[in-house]
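A structural walkthrough
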Amino acid sequence: ILVAAHVILDARRIAADDWETELQHLFKGNTLAACKTMQGGEFWSDFVVHADGFSRFVIRDVEMRAQQAGRLTQRILEIETYRMMALLGLPIAQKTMPQLNAIENSLVELASAMVESDHANDGHLSDHEGDSERHLLEKITHLAARIEKLSLENNYRFSASKAYFSLVLARIEELREERLQGLPMVAEFMDRRLRPAMNTCDAVANRQEALARRIAHSNDLLRTRVGIVQEMQNRQILQSMNARAAQQLHLQQAVEGLSVAAISYYVIGLFGYVAKAAKEVGWLAHTESAVGIMVPVVLGSVWWGLRRMHQTIKSK
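Thresholds applied
- Residues numbered from 1 in each chain as written.
- Predicted model: local features only at pLDDT ≥ 70, side-chain atom pairs only at ≥ 80, totals over all residues.
- Heavy atoms only, no water.
- Buried < 20%, exposed > 50% of the residue type's maximum accessible area, 1.4 Å probe, protein only.
- Helix = DSSP H or I, 4+ residues; strand = E, 2+ residues; numbered from the N terminus.
- Pairing = 2+ DSSP bridges.
- Phe/Tyr/Trp six-rings, centres within 6.5 Å; stacked < 30°, edge-to-face > 60°.
- Lys NZ or Arg CZ within 6 Å of the ring centre and 35° of its normal.
- Core = buried A, V, L, I, M, F, W, Y, C linked by side-chain atoms within 4.5 Å.
- Contact = heavy atoms within 4.5 Å.
- Axes fitted to C-alpha atoms, helices over the stretch in contact; angles between N-to-C directions.
- Salt bridge = Lys/Arg side-chain N within 4 Å of Asp/Glu carboxyl O.
- 1 Å grid on protein atoms, 1.4 Å probe; cavity = no way out; pocket = protein on both sides within 12 Å on 5 of 7 lines; lining within 4 Å.
- Points joined across faces, edges and corners; volume = space filled by probe spheres on them.
- Nonpolar A, V, L, I, M, F, W, Y, C, P; charged D, E, K, R; others polar.
- Patch = residues over 30% accessible without salt bridge, like charges linked within 9 Å, V, L, I, M, F, W, Y side chains within 5 Å.
- Areas by Shrake-Rupley, 256 points an atom, 1.4 Å probe, with all protein chains shown as cover.

1. Here we look at the pairing of strand β4 (residues 55–61)
Burial within β4 is extensive, with six of its seven residues counted as buried. Sheet topology places strand β1 (residues 5–10) next to β4; six bridges connect them, and they run parallel. Counterpart to isoleucine 8 in the pairing with β4 is valine 58. As paired strands, strand β3 (residues 41–45) and β4 are joined by five bridges and run antiparallel to one another.

2. Remarks on the packing of aromatic side chains
According to the stated counting rule, one finds six aromatic pairs in the structure shown. Joined through ring pairs, the aromatic side chains of Phe43, Phe47, Phe57 and Phe189 make up one cluster. When the ring centre of tryptophan 19 is taken as origin, the NZ or CZ atom of arginine 60, which lies over that ring, is 4.7 Å away.

3. Some thoughts on the nonpolar core
Of all hydrophobic cores here, the largest spans 46 residues; its most connected members are Phe43, Phe47 and Ile215. Of all the secondary-structure elements, those providing two or more residues to this core are β2 (33–37), β4, α2 (68–87), α3 (89–120), α4 (127–175), α5 (186–193) and α6 (195–280). Sort the elements by how many residues they give to this core and α4 lands first, with 11 residues. Excluding residues within four positions of it along the chain, phenylalanine 47 makes contact with Ala33, Phe57, Ile79, Glu80, Arg83, Val186, Phe189 and Met190.

4. Looking at the sheet that holds β4
Spatially, the four strands line up as an open sheet ordered β1-β4-β3-β2, and their pairing is mixed. The open sheet has two free edges, formed respectively by β1 and β2, since each of these has just one partner strand. Looking at each pair of strands side by side, their axes are set apart by 15 degrees on average, direction ignored. Running at roughly 165 degrees to β4, helix α1 (residues 16–26) makes contact with β1, β3 and β4 of the sheet. Of the strands in this sheet, β1, β2, β3 and β4 touch α2, which is tilted by about 155 degrees from β4.

5. Notes on unusual backbone geometry
For methionine 38, which is not glycine, the phi dihedral falls at a positive 55 degrees. Turning to its location among the elements, methionine 38 is positioned in the loop between β2 and β3. Despite not being glycine, phenylalanine 47 has its phi angle at roughly 50 degrees, a positive value. Mapped onto the elements of the fold, phenylalanine 47 is located in the loop between β3 and β4.

6. Concerning the pattern of salt bridges
A full pass over the atoms with the stated rule returns 13 salt bridges. Residue aspartate 52 pairs with arginine 56 through a salt bridge whose shortest N-O separation is 3.7 Å. Overlapping salt bridges bring together Arg75, Glu78, Arg171 and Glu174 as one network.

7. Here's the deal with the layout of surface pockets
Volume-wise, the largest pocket comes out at about 280 Å³. Trp19, Glu20, Leu23, Trp44 and Leu183 are the residues nearest the centre of the largest pocket, which is lined by 13 residues in total. Every element with two or more residues in the lining of the largest pocket is listed here: α1 and β3. With five residues, the top contributor of residues to the lining of the largest pocket is α1. Broken down by class, the residue content of the lining of the largest pocket amounts to seven nonpolar, three polar and three charged.

8. A word on the environment of asparagine 219
Structurally, asparagine 219 is set in helix α6. A relative accessible area of 12% means that asparagine 219 is categorised as buried. Placed 82 residues apart in sequence, asparagine 219 and leucine 137 show a C-alpha to C-alpha distance of 6.7 Å.

9. Focus on a nonpolar patch on the surface
Residues Ile237, Leu238 and Met241 make up a contiguous nonpolar surface patch of roughly 300 Å² in combined accessible area. Counting through the fold element by element, isoleucine 237 comes out in helix α6. Accessibility expressed as a relative area gives 48% for isoleucine 237, which makes it partly exposed.

10. Quick word on the side chain of aspartate 10
Here aspartate 10 shows up in strand β1. Contact partners of aspartate 10, with chain neighbours within four places excluded, come to Trp19, Ile59, Arg60 and Asp61.

Listed below in structure tokens is the structure:
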């Protein structure tokens with residue numbers, strides 16, 4: 001049950017003092033809102049749910065024309081119905097505020113941790129800081145999930161409360177109120193009693209959206225910082241690979257030098273055997289001279305052959 005109401009439509013002609021006495025007895029001395037409406041009708045209510053679970057509305061038919069009483073009763077009941085529907089957002093707003101406070105405090109702690117990390121590293125990102133940033137990123141992602149859950153749960157109700165409040169104002173405007181001496185009109189009563197609740201709902205909804213934007217901004221900032229750390233790590237890996245490649249090149253060059261010497265040594269050794277055989281058969285008179293002359297020739301030939309072989313492999 002959202003709305004329960006007793007409506008009294010009174011067309012009696014009684015004295016003003018008796019009428020005030022009846023109203024005081026009916027509404028238990030509560031503060032009343034009242035107005036003249038529809039050029040012949042009067043309306044009273046305290047907009048309070050009484051002990052029996054019903055709200056009480058009194059419509060007095062002074063000089064209303066045909067069907068005006070029905071239209072006035074319908075508008076009054078619509079005002080009460082839409083007022084109750086609009087107020088459904090208030091308990092949710094009150095329940096949401098502590099959760100927003102907790103999320104906001106956590107966000108402040110994360111922002112402070114980011115600033116302290118900057119000061120500790122003197123503006124330079126390190127691998128250790130990268131791990132810290134990723135840990136902060138996990139926390140802020142959790143905060144983003146919490147605020148998104150709240151938004152999904154609350155946005156519809158806050159929007160509905162705003163729409164119902166607009167309907168209340170529209171129905172009040174249709175009453176075309178005129179003041180009864182000494183009593184606030186319905187519009188004034190709602191402005192004091194209902195508008196603060198709606199302002200609370202609007203404030204919570206706006207705060208929720210603003211907090212979501214701040215979390216998203218912090219999330220983007222952290223992701224950027226983590227990306228920078230990863231790029232620095234990748235650069236360090238590439239630099240290490242370049243250093244290893246340079247070392248391998250130097251090692252390869254050293255090995256090539258040794259290879260030239262080893263191959264030349266074995267070739268000259270073989271040539272020495274051939275020279276000795278030639279001396280035995282009388283073809284060569286001085287073996288040592290021939291071997292000495294062949295040493296630079298063999299070294300040059302082996303070096304040139306290895307260079308050509310490496311160039312051919314690289315070109316492929």
